[in-house]
Amino acid sequence: MEEGPNVRPGEPIGYRIRRSPRALNVRLRLSARDGLTVVVPKGFDLRRLPAIVEGKRDWIHSHLRRWSAAEAAPDREPVEPLPEILDLPALGESWCIEYRPTRTRRIGVLIDGPGRLAVYGTVQDPEACREALKRWLHLRAREELAPWLAQLARQHGFAFKEIHIRGQRTRWASCSSNGLISLSYKLLFLDRDTVRCILLHELCHTVFLDHSPRFWELLQRLEPRCRVIHKKMRDSWKQVPAWAEARDPD
Ligand SMILES: [Zn+2]
């Protein structure tokens, strides 16, 4: 295997730089194969990078340790690496995730600064980390998608009874005959236009429960590009990272 970035105390950390017009913040990407890549927004002053990378030395180190431990145990199932970046296009957010072992027995996620999330607690357990991150997505979806849906309902004169956030494997959203709208937290991984269209779609179901021509007519009035967006959505599941899939049916 090729040598990864060198992170012995006092020695400089090697990394490659990638400029991204989409990036909102500086993001650190670590992979066992490519080592450390630093993604920087357009126009970012590169002289600031060494200090930022240096501040992440412990984080980089802990990942490299984990990988060398995985290599030392080749008989084990290949483990899916934990996410280091969480992009949520629906909210225009990009988070850099850090895993911080602490003495608490529980596991939690907190916002640790602009664009920075920390998973703390028993982070040695990758499954527990993924579940904690999914709970956090659930929370963000409730905080952001519920008011968004309510605002669209007000704006266009729809009424719904209740909103549920779920992690369905096969559906982005649904609407029941008694006005209960369910939204998947995985919507957070789609772009804003698509999410808006899905929210409007469900609101139109509070009037027409089917996909009849009059349903489409109503939706098209609110979002003239709805058919194009729906077509594009067939591939949208690929935007959901594997770890964010719900483990249990709910
Ligand atoms: Zn529908």
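A brief report on the enclosed structure follows. Here the structure is a predicted model, which means the values were calculated and not measured.

1. Quick notes on the coordination of the zinc ion
Then step 1. Coordination of the zinc ion by the protein comes from His201 (NE2), His205 (NE2) and His211 (NE2), over a distance range of 2.0 Å.
Then step 2. Read in sequence order, the donor residues for the zinc ion give the motif H-x3-H-x5-H. Of this pair, histidine 201 sits in helix α4 (residues 192-205) while histidine 211 sits in the loop between α4 and α5 (213-222), placing them 10 residues apart in sequence.
Then step 3. The exposure class of histidine 201 is buried, given its relative accessible area of 9%.

2. What to know about the sheet that holds strand β8 (residues 162-166)
Then step 1. Across the sheet, three strands lie side by side as β8-β10-β9; this open sheet has mixed pairing. Each having just a single partner strand, β8 and β9 (173-175) make up the two edges of the open sheet. On average, each strand axis in the sheet is tilted by 15° relative to the strand beside it, whichever way the strands run.
Then step 2. Bridge count for β8 against strand β10 (residues 180-184) is five bridges, and the pairing is parallel. Across the sheet, arginine 166 pairs through a bridge with serine 184, a residue of β10.
Then step 3. Against the sheet, helix α3 (residues 126-156) engages β8 and β10, with an angle of about 145° to β8.
Then step 4. Running at roughly 15° to β9, α4 makes contact with β9 and β10 of the sheet.

3. Regarding the pattern of salt bridges
Then step 1. A complete count under the given rule lists 18 salt bridges for this structure.
Then step 2. The residue arginine 57 makes a salt bridge to glutamate 54 at a minimum N-O spacing of 2.7 Å.
Then step 3. Ionic pairing is found between glutamate 245 and lysine 186, a salt bridge with its closest N-O pair at 2.8 Å. In this pair, glutamate 245 sits in the segment after α6 (226-232) while lysine 186 sits in the loop between β10 and α4, placing the two residues 59 residues apart along the sequence.

4. So, the environment of glutamate 131
Then step 1. Looking at the secondary structure, you find glutamate 131 in helix α3.
Then step 2. In this structure, the C-alpha to C-alpha distance between glutamate 131 and glycine 108, residues 23 residues apart in sequence, is 9.5 Å.
Then step 3. Within the structure, glutamate 131 has its side chain in polar contact with the side chain of lysine 134 (distance 3.0 Å).

5. What about the environment of proline 81?
Then step 1. Relative to the helices and strands, proline 81 resides in the loop between α2 (57-72) and β4 (85-88).
Then step 2. Along the primary structure proline 81 and histidine 63 are separated by 18 residues, whereas in three dimensions their C-alpha atoms are 9.6 Å apart.

6. Here we look at the packing of α3 against α4
Then step 1. Relative orientation of the contacting elements α3 and α4 amounts to 60°, with a least axis distance of 10 Å. It follows that α3 is oblique to α4 by the angle criterion. You can see that α3 and α4 cross each other, and the crossing is right-handed. Mapping the contact onto sequence places Leu145, Trp148, Leu149, Leu152, Ala153 and His156 in α3 and Arg192, Val195, Arg196, Leu199, Leu200 and Leu203 in α4.
Then step 2. Here the residues of the contact of α3 with α4 sort into nine nonpolar, one polar and two charged.

7. Let's talk about the layout of surface pockets
Then step 1. Roughly 380 Å³ of internal volume is contained in the second largest pocket.
Then step 2. Taken together, 17 residues line the second largest pocket, and the ones lying closest to its centre are Ala173, His201, Glu202, His211 and Met233.
Then step 3. When contributions to the lining of the second largest pocket are tallied by element, the ones reaching two or more residues are β9 and α4.
Then step 4. Of all the elements, α4 adds the most residues to the lining of the second largest pocket, at four residues.
Then step 5. Here the lining of the second largest pocket is composed, by residue class, of eight nonpolar, six polar and three charged.

Conventions used here
- Residues numbered from 1 in each chain as written.
- Predicted model: local features only at pLDDT ≥ 70, side-chain atom pairs only at ≥ 80, totals over all residues.
- Heavy atoms only, no water.
- Donors = N, O, S within 2.8 Å, 3.2 Å for Na, K, Ca; no water.
- Helix = DSSP H or I, 4+ residues; strand = E, 2+ residues; numbered from the N terminus.
- Buried < 20%, exposed > 50% of the residue type's maximum accessible area, 1.4 Å probe, protein only.
- Pairing = 2+ DSSP bridges.
- Axes fitted to C-alpha atoms, helices over the stretch in contact; angles between N-to-C directions.
- Contact = heavy atoms within 4.5 Å.
- Salt bridge = Lys/Arg side-chain N within 4 Å of Asp/Glu carboxyl O.
- Polar contact = N/O pair within 3.5 Å; in protein donor to acceptor, adjacent residues only side chain to side chain.
- Parallel < 35°, antiparallel > 145°, perpendicular 65-115°, else oblique.
- Left-handed = near helix turned anticlockwise from the far one by under 90°.
- Nonpolar A, V, L, I, M, F, W, Y, C, P; charged D, E, K, R; others polar.
- 1 Å grid on protein atoms, 1.4 Å probe; cavity = no way out; pocket = protein on both sides within 12 Å on 5 of 7 lines; lining within 4 Å.
- Points joined across faces, edges and corners; volume = space filled by probe spheres on them.

Remember, this is a structural readout, not a statement about activity or role.
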